[in-house]
Amino acid sequence: MLSSDFANLASEAERMVSFGADWLHMDIMIDVNMQDGHFVPNLTIGAPVIESLRKHTKAYLDCHLMVTNPLDYVDQFGKAGASGFTFHVEVSKDNWQELVKKIKSNGMRPGVALKPGTPIEEVFPLLEGENPVEMVLVMTVEPGFGGQKFMPDMMNKVRTLREKYPTLDIEVDGGLGPSTIDTAAAAGANCIVAGSSVFGAPESAQVISLLRTSVNKAQKTC
Ligand SMILES: O=C(CO)[C@@H](O)[C@H](O)COP(=O)(O)O
Ligand SMILES: [Fe+2]
C-alpha cells in the first residue's frame, strides 16, 4: 500500500482486494524514539492509521515494521487490528523471543524481516524452538522506499530457506512485478509484495493474477 494514495487509503484498499490481492502489505516507517535514530530514511503510517483502515476492511493487514524498537509497537498494532507483525532481525537479536510471544498474545502472526546485507543464517534461530516466527520476509531492495530495483542476488537466501523449511511462508519485498516474479517464484517465494508494479499498471488486476499464476506454477513443479 506504500504506492497507494494515502489520502484515500480505504478506497485504495478496497480496490486492491477487488483486484484479487490476498493481503494488504502495510509499510510502517515510524521512529518515535528519535534517540535511537531512524531505521529507514522515511516516514509513513502508524497504528492510528491501521485502526482507521481496519474499520473499512476485513483484509489481512500484513504490517512490516521498519522501526528500531519493534517491542514498543506490538500492543498498539494488536489493538489497532493488524493481522501480521513482521519485525526486523537487525534490531531484535536480544529480545526476539519476548517479541514473538507478545505478538502472538496480541492475536497477530509473527514474522521476521532481513535487509539485503544481513546473512540468512541470522534468522535461523527464530525459526526453531517453542515459539518460532511464522514467516520470513526477505528484502529484495534496501528498506525505505517503493519503486526500487529488485536485487536478484537475494534469491540465494530464498533458496536456502526453502530447502531448509519446505512449508514456511517466505515473503519477498521490493521490486517485484511481471519481469522479476518468475525468478522469485522459482527460488521458492510464496508471498509476494508488489507496490509500484501493481499500482502503476493500467490493469492492476492482471498484474496480481500474473504474480499468483507464476507462484502457483513454480510450486507445482518443485
Ligand atoms: O518495505 C518496502 C520498502 O521499504 C516495500 O514494501 C516496498 O514498498 C515495495 O514497493 P515496490 O518495490 O513493490 O514498489
Ligand atoms: Fe515492505
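Just above sits the structure.
Rules of the game
- Residues numbered from 1 in each chain as written.
- Chains lettered and ligands numbered in written order.
- Predicted model: local features only at pLDDT ≥ 70, side-chain atom pairs only at ≥ 80, totals over all residues.
- Heavy atoms only, no water.
- 1 Å grid on protein atoms, 1.4 Å probe; cavity = no way out; pocket = protein on both sides within 12 Å on 5 of 7 lines; lining within 4 Å.
- Points joined across faces, edges and corners; volume = space filled by probe spheres on them.
- Helix = DSSP H or I, 4+ residues; strand = E, 2+ residues; numbered from the N terminus.
- Nonpolar A, V, L, I, M, F, W, Y, C, P; charged D, E, K, R; others polar.
- Near = heavy atom within 4 Å.
- Polar contact = N/O pair within 3.5 Å; in protein donor to acceptor, adjacent residues only side chain to side chain.
- Areas by Shrake-Rupley, 256 points an atom, 1.4 Å probe, with all protein chains shown as cover.
- Sits in = over half its atoms within 2 Å of the grid points.
- Pairing = 2+ DSSP bridges.
- Axes fitted to C-alpha atoms, helices over the stretch in contact; angles between N-to-C directions.

> Sorry if this is basic, but what is going on with empty space enclosed by the protein here?
Unfilled space is identified by rolling a water-sized probe across the atoms. Applying the stated criterion across every chain yields a total of 1 cavity of 30 Å³ or more. Estimates place the volume of the largest cavity at around 30 Å³. Along the walls of the largest cavity sit Tyr60, Asp62, Gly84, Phe85, Thr86, Arg109, Pro110, Gly111 and Met135, which together make up its complete lining. At the level of elements, β2 (60-65), β3 (84-88) and β4 (109-114) are the ones that each hand at least two residues to the lining of the largest cavity. When the residues that make up the lining of the largest cavity are grouped by side-chain class, the tally is 4 nonpolar, 3 polar and 2 charged.

> How should the site of ligand 1 be read in this particular structure?
Taken together, 19 residues lie around ligand 1, and Asp27, Gly144, Asp173, Gly195 and Ser196 are the ones closest in. Measuring from an oxygen atom of ligand 1, one finds a side-chain N or O atom of histidine 25 at 3.3 Å. Here glycine 175 contributes a backbone N or O atom positioned 2.8 Å from an oxygen atom of ligand 1. For ligand 1, whose unbound accessible area comes to 380 Å², protein coverage reaches 99%. Under a 2 Å grid-point criterion requiring more than half of the atoms, the pocket assigned to ligand 1 is the largest pocket. Its residues assigned to classes, the shell around ligand 1 shows 8 nonpolar, 9 polar and 2 charged.

> Would you take a moment to explain the sheet that holds strand β1 (residues 23-28) for this structure?
Backbone hydrogen bonds are what pair the strands of a sheet, in a parallel or an antiparallel way. If you trace the 7 strands from one edge of the open sheet to the other, you get β1-β2-β3-β4-β5-β6-β7, paired in parallel fashion. The open sheet has two edge strands, β1 and β7 (191-193), and neither has a second partner. Neighbour-to-neighbour, the strand axes of the sheet open up by a mean angle of 25°, direction not taken into account. Across 6 bridges, the pairing between β1 and β2 is parallel. Counted as the bridge partner of aspartate 27 is histidine 64 from β2.

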